[in-house]
Amino acid sequence: MSGHSKWATIKRKKGAADAARGQMFGKLLRAVEVAAREGGGSIEGNMTLASAVEKARDFSVPTENIDRAIKRGTGDLEGVRYEPAMYEGYGPGGVAMLVEVLTDNRNRSGADIRHAFGKHGGSLGDPGSVAWMFTRQGIVAIEKAGAPDEDALLDIVTEAGADDLDDRGDLWEVVTSPQAFRAVREALEAAGIAIASAEIAMHPNASVPVAADQARAVLRLLEALEDLDDVQAVHSNFDIPDDVMAEATAG
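Remember, predicted model here, so these are calculated numbers, not experimental data. (Residues numbered from 1 in each chain as written. Predicted model: local features only at pLDDT ≥ 70, side-chain atom pairs only at ≥ 80, totals over all residues. Heavy atoms only, no water.)

Trainee: Where do I start with the overall build of the chain in this structure?
Mentor: When you go through the chain residue by residue, the secondary structure sums to nine helices and ten strands. Taken against the 2.2 N^0.38 rule, which gives 18 Å for 251 residues, the C-alpha radius of gyration of the chain at 18 Å falls within 12% of a compact globule. A buried classification covers 48% of the 251 residues belonging to the chain. Counting every atom, the chain has about 11,900 Å² of accessible surface; 48% of that belongs to carbon and sulfur. For the chain, the distance from the average position of its 26 positive side-chain charges to the average position of its 41 negative side-chain charges is 7 Å. (Helix = DSSP H or I, 4+ residues; strand = E, 2+ residues; numbered from the N terminus. Rg over C-alpha atoms; globule rule 2.2 N^0.38 Å. Buried < 20%, exposed > 50% of the residue type's maximum accessible area, 1.4 Å probe, protein only. Areas by Shrake-Rupley, 256 points an atom, 1.4 Å probe, with all protein chains shown as cover. Lys, Arg positive; Asp, Glu negative; His and termini not counted. Charge placed at Lys NZ, Arg CZ, Asp CG, Glu CD.)

Trainee: Help me understand the packing of aromatic side chains in this model?
Mentor: Aromatic rings considered in pairs are described by the distance between their centres and by the relative angle of their planes. Counted according to the given criterion, the structure contains zero aromatic pairs. Looking at K144, its charged tip hangs above the ring of W172, at a distance of 4.5 Å from the centre. (Phe/Tyr/Trp six-rings, centres within 6.5 Å; stacked < 30°, edge-to-face > 60°. Lys NZ or Arg CZ within 6 Å of the ring centre and 35° of its normal.)

Trainee: Where do I start with the environment of R57 in this structure?
Mentor: By the element assignment, R57 lies in helix α3 (residues 47–58). Linking R57 and L28, residues 29 residues apart in sequence, is a C-alpha distance of 9.3 Å. If we skip the residues at most four places from it in the chain, R57 touches I43 and I66. (Contact = heavy atoms within 4.5 Å.)

Trainee: Can you walk me through the confidence of the model for the chain in this structure?
Mentor: Note that predicted coordinates carrying low pLDDT should not be read in detail. On average, residues of the chain score 87 in pLDDT, and 90% of them are at 70 or above. The secondary structure element of the chain with the lowest average pLDDT is helix α1 (residues 3–18), at 57, and the one with the highest is helix α5 (residues 106–119), at 96. (pLDDT = per-residue confidence, 0-100.)

Trainee: What is the right way to read the side chain of E100 from this model?
Mentor: Note that E100 resides in strand β2 (residues 96–103). Separated by 2.5 Å, the side chains of E100 and H235 make a polar contact. Setting aside its immediate chain neighbours within four residues, E100 contacts A85, M86, R136, M202, D230, V231, Q232, A233 and H235. (Polar contact = N/O pair within 3.5 Å; in protein donor to acceptor, adjacent residues only side chain to side chain.)

Trainee: Honestly, the sheet that holds strand β7 (residues 197–204) in this entry has me stumped. Any pointers?
Mentor: Sheets are built from strands that pair by backbone hydrogen bonding, the pairs being arranged parallel or antiparallel. Read across the open sheet, the four strands follow the order β5-β6-β4-β7; overall the sheet is antiparallel. Looking at which strands have only one partner, the edges of the open sheet turn out to be β5 (164–168) and β7. The sheet shows a mean angle of 35 degrees between the axes of neighbouring strands, taken without regard to direction. As defined by bridge partners, strand β4 (residues 134–143) adjoins β7 across eight bridges and the pair is classed as antiparallel. Bridging across to β7, R136 finds its partner in M202. (Pairing = 2+ DSSP bridges. Axes fitted to C-alpha atoms, helices over the stretch in contact; angles between N-to-C directions.)

Trainee: Looking at this model, I keep getting lost on the sheet that holds β2. Mind explaining?
Mentor: What the four strands build is an open sheet, ordered β3-β1-β2-β9; its pairing is antiparallel. With partners counted over all chains shown, the strands left at the sheet margins are β3 (123–124) and β9 (231–236), one partner each. Across eight bridges, strand β1 (residues 83–90) lies against β2 in antiparallel orientation. Along β2, the bridge assignment pairs E83 with T103.

Below is the structure:
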């Protein structure tokens, strides 16, 4: 099972339940704000903003909050200026990790990320040490239960511009270019197909198998990084079997 897709699905279900706690809302709105600042406030004309807004809506962020974030990004409202940064490192078992950050204080973010890696059996690497192992792609995960058969699904996504459809056990994983991501998602929604998770992410070019005795350690590091306020996303190339993933994330 693709670790990326399974973990993204678990995060989406958990995040939808926990969103009212505020942290998830804050991260999603920060991404909207920065996207609007860098590419303009038009959702139709700014692909990055459209993706950020769609992700915020997935987690039921109120429309008025999204609108205010866009206005802060375009300068119509005052706000803190956040800057993007990327950190690279290795987790237990040698898995690679890319950590995407939006921060108003790089020194704080760097110290927090270094601490999380060190505390959970990983190590922070130099810039470029693992980024070459990933490619930015759109990934849409669809649970097979209730989905159309493979041929019908393949017709829908390829006509919308998808690059590939992969069998990931209990999920279908639709792979797109960042440019085709929105069109593919809209085609699936128009066809009434439920989406388990959808995001533009740094997708690993190859996966690293993780043994059962290391799975919990890898996921603890992943959670510790994702819990940091400045961290927007963590991408990794771990490959954890379904049964091990279920056990490691139980309770």
